[in-house]
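Close look at the chain arrangement
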Amino acid sequence: MTDHRIITIPTTPFEASIDLGKTAVIIIDMQIDFLESGGFGASLGNDVSLLQRAVPPCKRVLEAARGNNLLVIHTREGHRKELSNLHPFKLQRPGAPASTRVIGKEGPKGRILVQGEPGHDIIPELYPQEGEAIIDKPGKGSFYATDLDCILKAKGIETLFVCGVTTEVCVHTTIREANDRGYHCIMLEDCCASYTPEFHDIAVRMITAQGGIFGSVTDSQTFVTGLQAGTTVKLEANGNSDRSFEVVEAPAVTSVPVAPSQPKSDLFIDAKPYKWPYNGNMTPQNTCIIVIDMQVDFCAKGGYVDSMGYDIELTRAPIKPIQAVLECFRKKGYYVMHTREGHPPDLSDCPPNKRWRSAQIGAEIGSLGPCGRILTRGEPGWEIIPELAPLPTEVVIDKPGKGSFVGTNLDLILRTKGICNIILAGVTTDVCVHTTMRNANDMGYECLLLEDCTAATDPKNHEAAISMIQKQGGVFGAVSDSKKVIEALSSK
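Under an unreviewed UniProt entry, the name given to the protein chain is Nicotinamidase-like amidase, and the source organism is Nitzschia inconspicua.

Attention shifts here to the packing of helix H13 (residues 319-332) against helix H18 (residues 482-490). At a minimum axis distance of 9 Å, the contact between H13 and H18 shows a crossing angle of 20°. When the interaxial angle is binned, H13 and H18 end up roughly parallel. Remark: the crossing between H13 and H18 carries left-handed chirality. Contacts between H13 and H18 involve Pro321, Ala324, Val325, Cys328, Phe329 and Lys332 on the former and, on the latter, Ser482, Val485, Ile486, Leu489 and Ser490. Residue composition of the contact of H13 with H18, by class: eight nonpolar, two polar and one charged.

Strands sit in the order E13-E10-E9-E14-E15-E16 across an open sheet of six strands; the sheet is parallel. The sheet terminates laterally at strand E13 (395-399) and strand E16 (478-480), the two strands that pair on one side only. Averaged over all pairs of adjacent strands, the angle between their axes in this sheet comes to 25°, without regard to strand direction. Relative to E16, strand E15 (residues 446-455) is paired through three bridges, and the arrangement is parallel. Across the sheet, residue Leu449 finds its bridge partner in E16, namely Val479. H13 rests against strand E9 (287-292), strand E10 (335-341), strand E14 (421-427) and E15 of the sheet, and its axis sits at about 150° to E9. Sitting on the sheet, helix H15 (residues 410-417) is in contact with E9, E10, E13 and E14, with an inclination near 175° to E10.

For the rest of this paragraph, the subject is the sheet that holds strand E6 (residues 159-165). Taken together, the six strands give an open sheet; going across it, the order is E5-E2-E1-E6-E7-E8, and neighbouring strands pair in parallel fashion. Strand pairing shows two members of the sheet lacking a second neighbour, strand E5 (133-137) and strand E8 (216-218), which therefore form its edges. Direction aside, the axes of adjacent strands within the sheet are offset by 25° on average. Pairing analysis gives six bridges linking E6 to strand E7 (residues 184-193), with the strands arranged parallel. Looking at E7, one finds that Gly164 is bridged to Cys192. Strands in contact with helix H4 (residues 55-67) are strand E1 (23-28), strand E2 (71-77), E6 and E7; relative to E7, the strand with the most contacts, it is inclined by about 135°.

Applying the stated criterion across every chain, the model contains six aromatic pairs. In this arrangement the basic side chain of Arg340 is found over the ring face of Trp382, its NZ or CZ atom lying 3.7 Å from the centre.

Right, let's talk about empty space enclosed by the protein for a bit. Tallied over the entire structure, the rule returns five cavities of 30 Å³ or more. Estimates place the volume of the second largest cavity at around 130 Å³. Lining the second largest cavity are 14 residues, and of these Phe34, Glu77, Thr166, Tyr195 and Gln472 lie nearest its centre. Every element with two or more residues in the lining of the second largest cavity is listed here: helix H2 (40-43) and helix H7 (167-180). Taken together, the residues of the lining of the second largest cavity sort by class into seven nonpolar, four polar and three charged.

What counts as what
- Residues numbered from 1 in each chain as written.
- Predicted model: local features only at pLDDT ≥ 70, side-chain atom pairs only at ≥ 80, totals over all residues.
- Heavy atoms only, no water.
- Axes fitted to C-alpha atoms, helices over the stretch in contact; angles between N-to-C directions.
- Helix = DSSP H or I, 4+ residues; strand = E, 2+ residues; numbered from the N terminus.
- Parallel < 35°, antiparallel > 145°, perpendicular 65-115°, else oblique.
- Left-handed = near helix turned anticlockwise from the far one by under 90°.
- Contact = heavy atoms within 4.5 Å.
- Nonpolar A, V, L, I, M, F, W, Y, C, P; charged D, E, K, R; others polar.
- Pairing = 2+ DSSP bridges.
- Phe/Tyr/Trp six-rings, centres within 6.5 Å; stacked < 30°, edge-to-face > 60°.
- Lys NZ or Arg CZ within 6 Å of the ring centre and 35° of its normal.
- 1 Å grid on protein atoms, 1.4 Å probe; cavity = no way out; pocket = protein on both sides within 12 Å on 5 of 7 lines; lining within 4 Å.
- Points joined across faces, edges and corners; volume = space filled by probe spheres on them.

Listed below in C-alpha coordinates is the structure:
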(Lines give C-alpha, C1' and ligand atoms only; values in the text may rest on other atoms or scores of the structure.)
Protein backbone atom coordinates (compact mmCIF):
# COMPACT_ATOMS: atom_id res chain seq x y z
CA MET A 1 0.00 0.00 0.00
CA THR A 2 1.13 3.55 -0.69
CA ASP A 3 0.86 7.07 0.56
CA HIS A 4 -0.46 9.73 -1.81
CA ARG A 5 0.80 13.29 -2.08
CA ILE A 6 -1.40 15.85 -3.80
CA ILE A 7 -0.06 19.35 -4.40
CA THR A 8 -2.39 22.07 -3.15
CA ILE A 9 -2.43 25.86 -2.76
CA PRO A 10 -1.38 27.43 -0.46
CA THR A 11 0.02 24.25 1.09
CA THR A 12 -0.20 20.51 1.05
CA PRO A 13 -2.47 19.07 3.75
CA PHE A 14 -1.08 19.72 7.18
CA GLU A 15 0.10 16.13 7.58
CA ALA A 16 1.72 16.32 4.12
CA SER A 17 0.01 13.12 2.93
CA ILE A 18 -3.43 11.81 2.06
CA ASP A 19 -4.65 8.68 3.81
CA LEU A 20 -7.23 7.27 1.41
CA GLY A 21 -8.87 5.30 4.20
CA LYS A 22 -9.69 8.61 5.89
CA THR A 23 -10.59 10.55 2.75
CA ALA A 24 -13.92 11.30 1.07
CA VAL A 25 -15.04 13.06 -2.09
CA ILE A 26 -18.19 15.18 -1.76
CA ILE A 27 -20.08 16.19 -4.92
CA ILE A 28 -22.40 19.08 -4.06
CA ASP A 29 -25.74 19.75 -5.75
CA MET A 30 -24.92 18.63 -9.31
CA GLN A 31 -28.65 18.54 -9.93
CA ILE A 32 -30.83 18.95 -13.00
CA ASP A 33 -32.48 21.97 -11.36
CA PHE A 34 -29.13 23.79 -11.34
CA LEU A 35 -27.37 22.52 -14.47
CA GLU A 36 -29.99 22.01 -17.16
CA SER A 37 -32.28 24.30 -19.12
CA GLY A 38 -35.77 24.37 -17.69
CA GLY A 39 -34.43 23.95 -14.15
CA PHE A 40 -34.42 26.31 -11.20
CA GLY A 41 -31.13 28.00 -12.13
CA ALA A 42 -32.18 28.71 -15.69
CA SER A 43 -35.53 30.09 -14.46
CA LEU A 44 -33.57 32.78 -12.62
CA GLY A 45 -32.03 33.85 -15.93
CA ASN A 46 -28.67 32.21 -15.26
CA ASP A 47 -26.40 30.75 -17.94
CA VAL A 48 -26.33 27.06 -16.99
CA SER A 49 -23.42 26.42 -19.36
CA LEU A 50 -21.20 28.12 -16.77
CA LEU A 51 -21.98 25.30 -14.32
CA GLN A 52 -21.77 22.58 -16.95
CA ARG A 53 -18.05 23.30 -17.33
CA ALA A 54 -17.51 21.51 -14.04
CA VAL A 55 -19.10 18.25 -15.24
CA PRO A 56 -16.14 16.69 -17.15
CA PRO A 57 -13.62 17.36 -14.32
CA CYS A 58 -16.12 15.99 -11.76
CA LYS A 59 -16.53 12.90 -13.90
CA ARG A 60 -12.74 12.32 -13.93
CA VAL A 61 -12.59 12.74 -10.16
CA LEU A 62 -15.48 10.34 -9.60
CA GLU A 63 -13.82 7.67 -11.75
CA ALA A 64 -10.52 8.06 -9.88
CA ALA A 65 -12.21 8.09 -6.47
CA ARG A 66 -14.22 4.98 -7.25
CA GLY A 67 -11.13 3.26 -8.66
CA ASN A 68 -9.31 3.88 -5.38
CA ASN A 69 -12.27 2.88 -3.19
CA LEU A 70 -12.64 6.36 -1.70
CA LEU A 71 -15.85 7.20 0.10
CA VAL A 72 -18.04 9.18 -2.32
CA ILE A 73 -20.96 11.29 -1.09
CA HIS A 74 -23.43 13.35 -3.13
CA THR A 75 -25.73 16.13 -1.94
CA ARG A 76 -29.01 17.52 -3.25
CA GLU A 77 -30.71 20.75 -2.20
CA GLY A 78 -34.47 20.55 -2.02
CA HIS A 79 -37.51 20.40 0.18
CA ARG A 80 -40.11 17.90 1.29
CA LYS A 81 -43.19 17.57 -0.89
CA GLU A 82 -45.36 19.35 1.69
CA LEU A 83 -42.63 22.05 2.00
CA SER A 84 -42.60 21.69 5.78
CA ASN A 85 -38.84 22.33 5.89
CA LEU A 86 -38.98 25.38 3.61
CA HIS A 87 -38.31 28.54 5.61
CA PRO A 88 -40.87 31.28 4.82
CA PHE A 89 -38.25 33.84 3.84
CA LYS A 90 -37.24 31.72 0.82
CA LEU A 91 -40.69 32.46 -0.55
CA GLN A 92 -41.50 35.84 0.95
CA ARG A 93 -38.37 37.98 0.72
CA PRO A 94 -39.61 40.94 -1.35
CA GLY A 95 -36.31 41.29 -3.20
CA ALA A 96 -36.29 37.69 -4.38
CA PRO A 97 -36.88 37.02 -8.09
CA ALA A 98 -40.37 35.82 -8.90
CA SER A 99 -39.07 32.34 -9.71
CA THR A 100 -37.39 32.10 -6.31
CA ARG A 101 -40.75 32.71 -4.69
CA VAL A 102 -42.38 29.77 -6.45
CA ILE A 103 -40.32 26.96 -4.93
CA GLY A 104 -42.66 23.99 -4.98
CA LYS A 105 -44.55 25.18 -8.06
CA GLU A 106 -44.63 23.23 -11.31
CA GLY A 107 -41.88 23.87 -13.85
CA PRO A 108 -40.47 22.15 -16.93
CA LYS A 109 -38.55 19.78 -14.62
CA GLY A 110 -41.38 19.17 -12.17
CA ARG A 111 -42.02 21.00 -8.92
CA ILE A 112 -39.14 23.38 -8.32
CA LEU A 113 -36.55 22.24 -5.72
CA VAL A 114 -38.82 19.52 -4.37
CA GLN A 115 -37.50 16.10 -3.38
CA GLY A 116 -38.52 13.31 -5.73
CA GLU A 117 -39.11 15.58 -8.73
CA PRO A 118 -37.04 15.22 -11.95
CA GLY A 119 -35.27 18.55 -11.37
CA HIS A 120 -34.19 17.55 -7.88
CA ASP A 121 -32.24 14.55 -9.11
CA ILE A 122 -28.53 14.45 -9.89
CA ILE A 123 -27.54 14.76 -13.56
CA PRO A 124 -27.02 11.45 -15.40
CA GLU A 125 -23.31 12.09 -16.08
CA LEU A 126 -22.55 12.09 -12.34
CA TYR A 127 -25.30 9.81 -11.08
CA PRO A 128 -24.44 8.01 -7.83
CA GLN A 129 -23.54 4.36 -8.00
CA GLU A 130 -25.27 1.87 -5.77
CA GLY A 131 -23.83 2.19 -2.28
CA GLU A 132 -22.87 5.90 -2.55
CA ALA A 133 -24.57 8.06 0.05
CA ILE A 134 -26.90 10.86 -1.02
CA ILE A 135 -27.45 13.67 1.47
CA ASP A 136 -30.72 15.55 0.98
CA LYS A 137 -30.39 18.99 2.52
CA PRO A 138 -32.88 21.86 2.92
CA GLY A 139 -30.29 24.64 2.96
CA LYS A 140 -27.03 25.78 1.41
CA GLY A 141 -24.71 23.93 3.77
CA SER A 142 -24.51 20.15 3.76
CA PHE A 143 -24.27 19.67 7.55
CA TYR A 144 -27.33 21.48 8.88
CA ALA A 145 -30.39 19.19 9.29
CA THR A 146 -28.56 16.18 7.79
CA ASP A 147 -26.56 13.24 9.09
CA LEU A 148 -23.47 14.01 6.98
CA ASP A 149 -21.26 14.60 10.03
CA CYS A 150 -22.44 11.32 11.54
CA ILE A 151 -21.54 9.40 8.36
CA LEU A 152 -18.10 11.00 8.09
CA LYS A 153 -17.27 10.34 11.72
CA ALA A 154 -18.53 6.75 11.52
CA LYS A 155 -16.19 6.13 8.58
CA GLY A 156 -13.22 7.84 10.24
CA ILE A 157 -13.01 10.53 7.57
CA GLU A 158 -10.58 13.40 8.15
CA THR A 159 -9.98 14.85 4.66
CA LEU A 160 -12.66 16.08 2.24
CA PHE A 161 -12.19 16.79 -1.45
CA VAL A 162 -15.06 19.08 -2.39
CA CYS A 163 -16.65 19.54 -5.83
CA GLY A 164 -19.94 20.95 -7.06
CA VAL A 165 -22.04 24.08 -7.41
CA THR A 166 -22.20 26.87 -6.80
CA THR A 167 -18.72 27.72 -5.58
CA GLU A 168 -19.56 30.74 -3.47
CA VAL A 169 -22.86 29.49 -2.05
CA CYS A 170 -23.40 25.78 -1.33
CA VAL A 171 -19.79 24.65 -1.84
CA HIS A 172 -18.33 27.43 0.29
CA THR A 173 -20.94 27.06 3.03
CA THR A 174 -20.23 23.34 3.25
CA ILE A 175 -16.46 23.91 3.40
CA ARG A 176 -16.92 26.47 6.18
CA GLU A 177 -19.14 24.08 8.16
CA ALA A 178 -16.65 21.24 7.69
CA ASN A 179 -13.68 23.42 8.62
CA ASP A 180 -15.31 24.39 11.92
CA ARG A 181 -15.89 20.70 12.63
CA GLY A 182 -12.18 19.91 12.20
CA TYR A 183 -12.16 18.38 8.71
CA HIS A 184 -9.34 19.24 6.34
CA CYS A 185 -11.00 20.53 3.16
CA ILE A 186 -9.52 20.65 -0.32
CA MET A 187 -11.55 22.33 -3.05
CA LEU A 188 -11.07 20.96 -6.56
CA GLU A 189 -11.34 24.29 -8.34
CA ASP A 190 -12.19 23.12 -11.86
CA CYS A 191 -14.82 20.79 -10.39
CA CYS A 192 -16.68 23.80 -8.97
CA ALA A 193 -18.49 26.57 -10.81
CA SER A 194 -20.70 29.61 -10.39
CA TYR A 195 -23.27 31.46 -12.43
CA THR A 196 -21.09 34.50 -11.65
CA PRO A 197 -17.47 33.62 -12.58
CA GLU A 198 -15.95 36.50 -10.62
CA PHE A 199 -17.56 35.16 -7.44
CA HIS A 200 -16.04 31.75 -8.16
CA ASP A 201 -12.59 33.36 -8.34
CA ILE A 202 -13.12 35.35 -5.16
CA ALA A 203 -14.45 32.31 -3.29
CA VAL A 204 -11.33 30.36 -4.24
CA ARG A 205 -9.14 33.21 -3.04
CA MET A 206 -10.98 33.34 0.29
CA ILE A 207 -10.09 29.71 0.97
CA THR A 208 -6.37 30.30 0.41
CA ALA A 209 -6.18 33.52 2.47
CA GLN A 210 -4.27 33.59 5.76
CA GLY A 211 -2.34 30.44 4.99
CA GLY A 212 -5.49 28.52 4.01
CA ILE A 213 -8.05 29.67 6.54
CA PHE A 214 -10.70 27.26 5.20
CA GLY A 215 -8.38 24.65 3.68
CA SER A 216 -6.59 24.22 0.36
CA VAL A 217 -7.25 24.31 -3.37
CA THR A 218 -6.12 22.06 -6.20
CA ASP A 219 -7.61 20.72 -9.47
CA SER A 220 -8.94 17.48 -10.89
CA GLN A 221 -5.81 16.57 -12.86
CA THR A 222 -3.58 16.97 -9.83
CA PHE A 223 -6.02 14.89 -7.80
CA VAL A 224 -6.08 12.07 -10.36
CA THR A 225 -2.30 12.13 -10.85
CA GLY A 226 -1.75 12.12 -7.09
CA LEU A 227 -3.87 9.00 -6.68
CA GLN A 228 -1.88 7.23 -9.38
CA ALA A 229 1.54 7.99 -7.88
CA GLY A 230 2.48 6.53 -4.52
CA THR A 231 5.86 7.13 -2.97
CA THR A 232 6.48 7.22 0.72
CA VAL A 233 4.37 6.28 3.69
CA LYS A 234 2.07 3.28 4.10
CA LEU A 235 -1.59 3.85 3.35
CA GLU A 236 -4.01 2.80 6.05
CA ALA A 237 -7.26 1.46 4.56
CA ASN A 238 -8.92 0.92 7.97
CA GLY A 239 -9.34 -2.73 7.06
CA ASN A 240 -12.14 -1.87 4.67
CA SER A 241 -11.05 -1.72 1.05
CA ASP A 242 -14.37 -3.01 -0.35
CA ARG A 243 -16.82 -0.37 0.89
CA SER A 244 -20.59 -0.43 0.54
CA PHE A 245 -22.86 2.39 1.73
CA GLU A 246 -26.60 2.96 1.85
CA VAL A 247 -28.40 5.96 0.39
CA VAL A 248 -29.43 8.21 3.25
CA GLU A 249 -31.93 11.01 3.60
CA ALA A 250 -31.93 14.02 5.89
CA PRO A 251 -33.92 13.63 9.08
CA ALA A 252 -37.13 15.60 9.30
CA VAL A 253 -36.75 19.18 10.49
CA THR A 254 -39.01 19.36 13.51
CA SER A 255 -38.11 22.70 15.06
CA VAL A 256 -37.16 25.85 13.18
CA PRO A 257 -37.29 29.49 14.26
CA VAL A 258 -39.95 30.53 11.75
CA ALA A 259 -41.08 34.12 11.89
CA PRO A 260 -44.86 34.63 11.98
CA SER A 261 -46.30 35.02 8.49
CA GLN A 262 -48.42 37.97 9.62
CA PRO A 263 -46.33 40.90 10.89
CA LYS A 264 -46.94 41.95 14.49
CA SER A 265 -45.13 45.23 13.93
CA ASP A 266 -44.50 47.51 11.02
CA LEU A 267 -40.79 48.19 11.26
CA PHE A 268 -38.57 47.89 8.21
CA ILE A 269 -34.91 48.81 7.83
CA ASP A 270 -33.78 50.25 4.51
CA ALA A 271 -31.53 47.50 3.16
CA LYS A 272 -30.41 45.75 0.00
CA PRO A 273 -31.74 43.83 -1.85
CA TYR A 274 -34.97 44.18 0.16
CA LYS A 275 -36.35 46.09 3.12
CA TRP A 276 -35.51 44.07 6.21
CA PRO A 277 -36.92 41.99 7.82
CA TYR A 278 -38.90 40.55 4.95
CA ASN A 279 -42.19 40.68 6.92
CA GLY A 280 -41.64 43.88 8.92
CA ASN A 281 -41.88 41.95 12.16
CA MET A 282 -38.97 43.41 14.13
CA THR A 283 -39.37 43.83 17.87
CA PRO A 284 -37.09 43.73 20.93
CA GLN A 285 -38.61 40.32 21.69
CA ASN A 286 -37.67 38.64 18.38
CA THR A 287 -34.56 40.52 17.22
CA CYS A 288 -30.98 40.57 18.46
CA ILE A 289 -27.61 41.91 17.40
CA ILE A 290 -24.54 39.66 17.53
CA VAL A 291 -21.17 41.41 17.67
CA ILE A 292 -18.66 38.91 16.36
CA ASP A 293 -15.05 38.58 17.58
CA MET A 294 -14.20 42.21 18.31
CA GLN A 295 -11.26 40.93 20.33
CA VAL A 296 -7.82 42.28 21.12
CA ASP A 297 -6.33 39.47 19.02
CA PHE A 298 -8.15 40.79 15.95
CA CYS A 299 -8.29 44.52 16.58
CA ALA A 300 -5.23 45.59 18.59
CA LYS A 301 -1.49 45.99 18.29
CA GLY A 302 0.39 42.79 19.06
CA GLY A 303 -2.65 40.56 18.53
CA TYR A 304 -3.17 37.65 16.16
CA VAL A 305 -4.10 39.74 13.11
CA ASP A 306 -1.27 42.19 13.73
CA SER A 307 1.18 39.28 14.10
CA MET A 308 0.18 38.01 10.67
CA GLY A 309 1.16 41.37 9.17
CA TYR A 310 -2.31 42.73 8.43
CA ASP A 311 -3.38 46.35 8.93
CA ILE A 312 -5.37 46.47 12.17
CA GLU A 313 -6.80 49.85 11.20
CA LEU A 314 -9.05 47.87 8.86
CA THR A 315 -10.45 45.72 11.65
CA ARG A 316 -10.73 48.72 13.99
CA ALA A 317 -12.77 50.75 11.49
CA PRO A 318 -16.14 49.30 12.62
CA ILE A 319 -15.65 50.23 16.30
CA LYS A 320 -17.42 53.59 16.25
CA PRO A 321 -20.38 52.46 14.12
CA ILE A 322 -20.83 49.42 16.38
CA GLN A 323 -20.72 51.65 19.46
CA ALA A 324 -23.50 53.79 18.02
CA VAL A 325 -25.68 50.77 17.17
CA LEU A 326 -25.13 49.18 20.59
CA GLU A 327 -26.12 52.39 22.34
CA CYS A 328 -29.35 52.48 20.33
CA PHE A 329 -30.12 48.78 20.81
CA ARG A 330 -29.53 48.92 24.55
CA LYS A 331 -31.70 52.00 24.90
CA LYS A 332 -34.53 50.34 22.96
CA GLY A 333 -34.28 47.08 24.93
CA TYR A 334 -33.03 44.81 22.13
CA TYR A 335 -31.08 41.67 22.95
CA VAL A 336 -27.29 42.06 22.55
CA MET A 337 -24.82 39.19 22.23
CA HIS A 338 -21.08 38.92 21.63
CA THR A 339 -18.76 36.15 20.43
CA ARG A 340 -15.10 35.35 21.03
CA GLU A 341 -13.01 32.89 19.03
CA GLY A 342 -10.49 30.96 21.08
CA HIS A 343 -9.45 27.68 22.65
CA PRO A 344 -8.82 26.37 26.17
CA PRO A 345 -5.20 26.50 27.41
CA ASP A 346 -4.65 22.83 26.52
CA LEU A 347 -5.96 23.54 22.96
CA SER A 348 -8.10 20.42 23.25
CA ASP A 349 -10.77 21.78 20.86
CA CYS A 350 -8.31 23.26 18.35
CA PRO A 351 -8.21 21.00 15.26
CA PRO A 352 -4.60 20.07 14.37
CA ASN A 353 -4.97 21.45 10.86
CA LYS A 354 -6.11 24.84 12.18
CA ARG A 355 -3.11 25.10 14.49
CA TRP A 356 -0.76 23.92 11.74
CA ARG A 357 -2.01 26.56 9.30
CA SER A 358 -1.56 29.34 11.84
CA ALA A 359 2.04 28.27 12.38
CA GLN A 360 2.76 28.57 8.66
CA ILE A 361 2.05 32.30 8.77
CA GLY A 362 4.04 33.01 11.93
CA ALA A 363 1.17 33.26 14.43
CA GLU A 364 0.67 29.77 15.82
CA ILE A 365 -2.42 29.40 17.95
CA GLY A 366 -1.39 28.87 21.57
CA SER A 367 2.06 30.40 21.12
CA LEU A 368 3.12 33.32 23.29
CA GLY A 369 2.80 36.78 21.77
CA PRO A 370 2.66 40.39 22.97
CA CYS A 371 -0.97 39.89 24.04
CA GLY A 372 -0.44 36.52 25.70
CA ARG A 373 -0.99 33.13 24.12
CA ILE A 374 -2.64 33.61 20.72
CA LEU A 375 -6.40 32.84 20.56
CA THR A 376 -6.27 31.18 23.98
CA ARG A 377 -9.09 31.64 26.46
CA GLY A 378 -8.24 33.72 29.49
CA GLU A 379 -5.38 35.57 27.77
CA PRO A 380 -5.42 39.35 27.21
CA GLY A 381 -5.62 38.93 23.42
CA TRP A 382 -8.73 36.77 23.68
CA GLU A 383 -10.74 39.43 25.50
CA ILE A 384 -13.17 41.77 23.76
CA ILE A 385 -11.72 45.25 23.24
CA PRO A 386 -12.62 47.77 25.97
CA GLU A 387 -14.47 50.06 23.55
CA LEU A 388 -17.07 47.33 22.96
CA ALA A 389 -17.01 45.56 26.31
CA PRO A 390 -20.21 43.59 26.99
CA LEU A 391 -22.51 44.72 29.75
CA PRO A 392 -22.81 42.29 32.69
CA THR A 393 -26.22 41.13 31.44
CA GLU A 394 -25.10 40.46 27.85
CA VAL A 395 -24.29 36.91 26.75
CA VAL A 396 -20.82 36.14 25.40
CA ILE A 397 -20.51 33.04 23.20
CA ASP A 398 -17.09 31.39 23.26
CA LYS A 399 -16.60 29.51 20.01
CA PRO A 400 -13.76 27.30 18.76
CA GLY A 401 -14.34 27.89 15.04
CA LYS A 402 -15.24 30.56 12.52
CA GLY A 403 -18.98 30.11 12.77
CA SER A 404 -20.81 30.94 15.97
CA PHE A 405 -23.05 27.85 16.04
CA VAL A 406 -20.65 24.89 15.91
CA GLY A 407 -19.54 23.82 19.39
CA THR A 408 -21.67 26.46 21.16
CA ASN A 409 -25.16 26.87 22.67
CA LEU A 410 -25.99 29.93 20.55
CA ASP A 411 -28.89 28.27 18.74
CA LEU A 412 -30.38 27.07 22.01
CA ILE A 413 -30.20 30.57 23.50
CA LEU A 414 -31.78 32.18 20.43
CA ARG A 415 -34.63 29.66 20.31
CA THR A 416 -35.22 29.99 24.05
CA LYS A 417 -35.45 33.78 23.69
CA GLY A 418 -37.78 33.51 20.67
CA ILE A 419 -35.30 35.26 18.39
CA CYS A 420 -35.94 34.94 14.66
CA ASN A 421 -34.14 38.07 13.36
CA ILE A 422 -30.35 38.45 13.67
CA ILE A 423 -28.35 41.59 12.96
CA LEU A 424 -24.63 40.96 12.47
CA ALA A 425 -21.58 43.10 13.17
CA GLY A 426 -17.90 42.40 13.81
CA VAL A 427 -14.89 40.84 12.13
CA THR A 428 -13.96 39.55 9.75
CA THR A 429 -16.68 40.01 7.15
CA ASP A 430 -15.52 37.23 4.85
CA VAL A 431 -14.65 34.67 7.52
CA CYS A 432 -16.38 34.60 10.92
CA VAL A 433 -19.23 37.00 10.13
CA HIS A 434 -20.07 35.35 6.82
CA THR A 435 -19.81 31.83 8.23
CA THR A 436 -22.18 32.75 11.06
CA MET A 437 -24.61 34.40 8.65
CA ARG A 438 -24.60 31.39 6.31
CA ASN A 439 -25.19 28.98 9.19
CA ALA A 440 -27.97 31.14 10.64
CA ASN A 441 -29.63 31.47 7.25
CA ASP A 442 -29.71 27.69 6.82
CA MET A 443 -31.24 27.37 10.29
CA GLY A 444 -34.11 29.68 9.40
CA TYR A 445 -33.01 32.96 10.96
CA GLU A 446 -33.63 36.19 9.02
CA CYS A 447 -30.23 37.91 8.83
CA LEU A 448 -29.04 41.46 8.27
CA LEU A 449 -25.38 42.43 8.00
CA LEU A 450 -24.35 46.00 8.81
CA GLU A 451 -21.70 46.84 6.24
CA ASP A 452 -19.97 49.65 8.13
CA CYS A 453 -20.02 47.56 11.32
CA THR A 454 -17.97 44.80 9.70
CA ALA A 455 -14.50 44.64 8.17
CA ALA A 456 -11.98 42.24 6.67
CA THR A 457 -8.19 42.09 6.53
CA ASP A 458 -8.53 42.35 2.74
CA PRO A 459 -10.94 45.12 1.58
CA LYS A 460 -11.65 43.25 -1.66
CA ASN A 461 -12.84 40.23 0.30
CA HIS A 462 -15.07 42.50 2.38
CA GLU A 463 -16.64 43.95 -0.76
CA ALA A 464 -17.09 40.52 -2.32
CA ALA A 465 -18.69 39.13 0.84
CA ILE A 466 -21.18 42.01 0.86
CA SER A 467 -22.02 41.39 -2.80
CA MET A 468 -22.53 37.66 -2.29
CA ILE A 469 -25.22 38.26 0.33
CA GLN A 470 -27.32 40.25 -2.13
CA LYS A 471 -27.30 37.63 -4.91
CA GLN A 472 -30.55 35.90 -5.90
CA GLY A 473 -32.68 38.43 -4.09
CA GLY A 474 -30.76 37.99 -0.85
CA VAL A 475 -29.46 34.43 -0.78
CA PHE A 476 -28.14 34.84 2.78
CA GLY A 477 -30.24 37.82 3.89
CA ALA A 478 -29.80 41.55 3.45
CA VAL A 479 -27.24 44.34 3.92
CA SER A 480 -27.65 47.75 5.55
CA ASP A 481 -25.58 50.10 7.71
CA SER A 482 -25.52 51.58 11.19
CA LYS A 483 -27.17 54.89 10.27
CA LYS A 484 -30.16 53.22 8.62
CA VAL A 485 -30.72 50.89 11.57
CA ILE A 486 -30.53 53.73 14.09
CA GLU A 487 -32.82 55.84 11.96
CA ALA A 488 -35.42 53.06 11.74
CA LEU A 489 -35.34 52.35 15.48
CA SER A 490 -35.46 56.05 16.35
CA SER A 491 -38.60 56.49 14.28
CA LYS A 492 -40.56 54.18 16.61
